[in-house]
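Structural description and commentary
Spelled out from the first residue to the last, the chains are:
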Amino acid sequence: MMEQEGWSEQQQVIIPSLNKYIVKFSLLTLARCVFGMPVSWVSNTSKEEEMDLIEATTLSSETLIAKFMLPNWMLKLPFKSLRKVNSAWNALEDFLRSHTQRISQEMNEQGLNDQFEVRNADLLHRLIASSEGDGKYKLSEKEVLANIFTILFAGHETTANGIIATLGYLAIHQDDQEKAYAEIQSRLGPDNQLDSLDTSQLPYLLACFQEAVRLFAATPILARTLSEDFPVKVERPSPSVIILPKGSRIVIDMVNTFRNPNIFENPEQYKPSRWVGVPEAEVNIFGAGPRACIGRKLAYAEAISVLGLFLRDWTLDIDLSPGETRSQYEERVMVTGPYAGTVHPIAQLPLKIAKRVRA
């Protein structure tokens, strides 16, 4: 990303909006690492399919609600905007179907059916293997594509939004940035690379990401159906126990829960230290229990990798308006934009980065 955008050759770069770069990076990471898709930062003119995938996925993600709300016939009306949405969704589905069929054919030709080999393959290979097996858990082609759609959309947007928020907050809060940088420095090997992506080795950097996701929730709500009667202890307006009956459909407001002053001290304040030393089981920014986000480990690994390498090479800062304080800047910039895809993203994050001087 740095090289392709020409940033690596400059000592200082002012980025009007970081959002599109991080969203694209997260999408390409997921497509390459999870699904083995042939994608790159800059499209090759001999492989127009690559850029088509990026554009189609981005547009499909931005119009997710419209796709679900509008009937198919409406997307075919003679309006340019609707036709563009329909074309993007069709192009994405065609690409995913052809890529899945190609991988399936390769698996059959190579005889990749050993359980050990499948377990150590990427997620797409596992999904395809499950579609070619026997038993009641066998997936149809439609179900395989549905799973790819779900992971592709939910996986890249939520992680990207968390990374964007973290970079924004660290640019504002210089003390937290320096603490994270010092921790990263302690984990660099002789080749100046992070010696591990184990989140336990970078607890403060992880806490910076977790705190950003608390303030910009990965999902606005969590819905669950109770499998048994569930007692809930409440303290307000007076201590009591409420029994939620089996079969009840409950919806948890993640945004207001994470900004509830009865749960978090000074909830509007960015304070990564509140997560340091907290056991993973008690960090519920990606849900909790057996129905927690299936991609949370990947999200953590990607976030630690991107943030670690970004802070290793660059200092982050902000451009203040005349007379503006950092607190005022935070109130102005770190706000939620229009609902897009599966998240409420930060509207636009401008960032000023300067190359670090290494000793």
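For the structure, check the block above.
The text that follows walks through the structure, step by step, so that each part is easy to find. Since the structure is predicted, the reported quantities are computational estimates derived from the model, not experimental observations.

Summing up its helical and strand segments, the protein has 13 helices and seven strands in all. Counting across all 359 residues of the protein, residues that qualify as buried make up 42%. Pairs at least 24 residues apart make up 68% of the contacts formed inside the protein by residues separated by at least 6 positions. For the protein, the exposed area adds up to about 19,900 Å²; of that, 54% sits on carbon and sulfur atoms.

Among the residues of helix H13 (residues 326-333), Tyr 329, Glu 330 and Val 333 are the ones counted as buried. Buried positions in H13, seen along its axis, are confined to an arc of 100 degrees and lie on one side of it. Counted as exposed and oriented over 90 degrees from the buried face of H13: Ser 327 and Glu 331.

Attention now moves to the environment of Phe 209. The residue Phe 209 is located in helix H10 (residues 203-215) in this model. We classify Phe 209 as buried; its relative accessible area is 1%. With 98 residues separating them in the primary sequence, Phe 209 and Leu 307 have C-alpha atoms 8.7 Å apart. Setting aside residues up to four positions removed in sequence, Phe 209 forms contacts with Thr 159, Gly 162, Ile 163, Thr 166, Phe 286, Ala 299, Tyr 300, Ala 303 and Leu 307.

Note the cis peptide between Arg 236 and Pro 237, where omega equals 5 degrees. Examined against the element boundaries, Pro 237 turns out to sit in the loop between strand S3 (230-234) and strand S4 (240-244). With phi around 45 degrees, Asn 266 is a residue other than glycine that occupies positive phi space. The topology assignment puts Asn 266 in the loop between helix H11 (254-258) and helix H12 (296-313). Accessibility expressed as a relative area gives 45% for Asn 266, which makes it partly exposed.

For the rest of this paragraph, the subject is the sheet that holds strand S6 (residues 314-317). In a beta sheet, neighbouring strands pair by backbone hydrogen bonds and run either parallel or antiparallel. Across the sheet, which stays open at both edges, the three strands sit in the order S1-S7-S6 with antiparallel pairing between neighbours. The strands lining the two open edges of the sheet, one partner per strand, are strand S1 (12-15) and S6. The sheet shows a mean angle of 20 degrees between the axes of neighbouring strands, direction not considered. Two elements, S6 and strand S7 (residues 351-355), share four bridges in a ladder whose sense is antiparallel. Within S7, the position partnered with Thr 315 by the bridge is Ala 354.

Moving on, we come to the pattern of salt bridges. Applying the stated criterion to the full structure yields ten salt bridges. Here Glu 211 ties to Arg 274 by a salt bridge, and the two come within 2.9 Å at their closest N and O atoms. Pair noted here: Glu 211 is in helix H10 and Arg 274 is in the loop between H11 and H12, with a separation of 63 residues, a long-range link. For the pair Glu 211 and Arg 274, a shared accessibility class is recorded, and that class is buried. Across the salt bridge formed by Arg 326 and Asp 317, the nearest N and O atoms sit 2.9 Å from each other. The class of Arg 326 is partly exposed, set by a relative accessible area of 30%. The partly exposed category is assigned to Asp 317, whose relative accessible area is 24%. Linked through salt bridges whose partners overlap, the residues forming this network are Glu 93, Arg 97 and Glu 141.

Calculation notes
Residues numbered from 1 in each chain as written. Predicted model: local features only at pLDDT ≥ 70, side-chain atom pairs only at ≥ 80, totals over all residues. Heavy atoms only, no water. Helix = DSSP H or I, 4+ residues; strand = E, 2+ residues; numbered from the N terminus. Buried < 20%, exposed > 50% of the residue type's maximum accessible area, 1.4 Å probe, protein only. Contact = heavy atoms within 4.5 Å. Areas by Shrake-Rupley, 256 points an atom, 1.4 Å probe, with all protein chains shown as cover. Arc of directions from axis to C-beta. Pairing = 2+ DSSP bridges. Axes fitted to C-alpha atoms, helices over the stretch in contact; angles between N-to-C directions. Salt bridge = Lys/Arg side-chain N within 4 Å of Asp/Glu carboxyl O.

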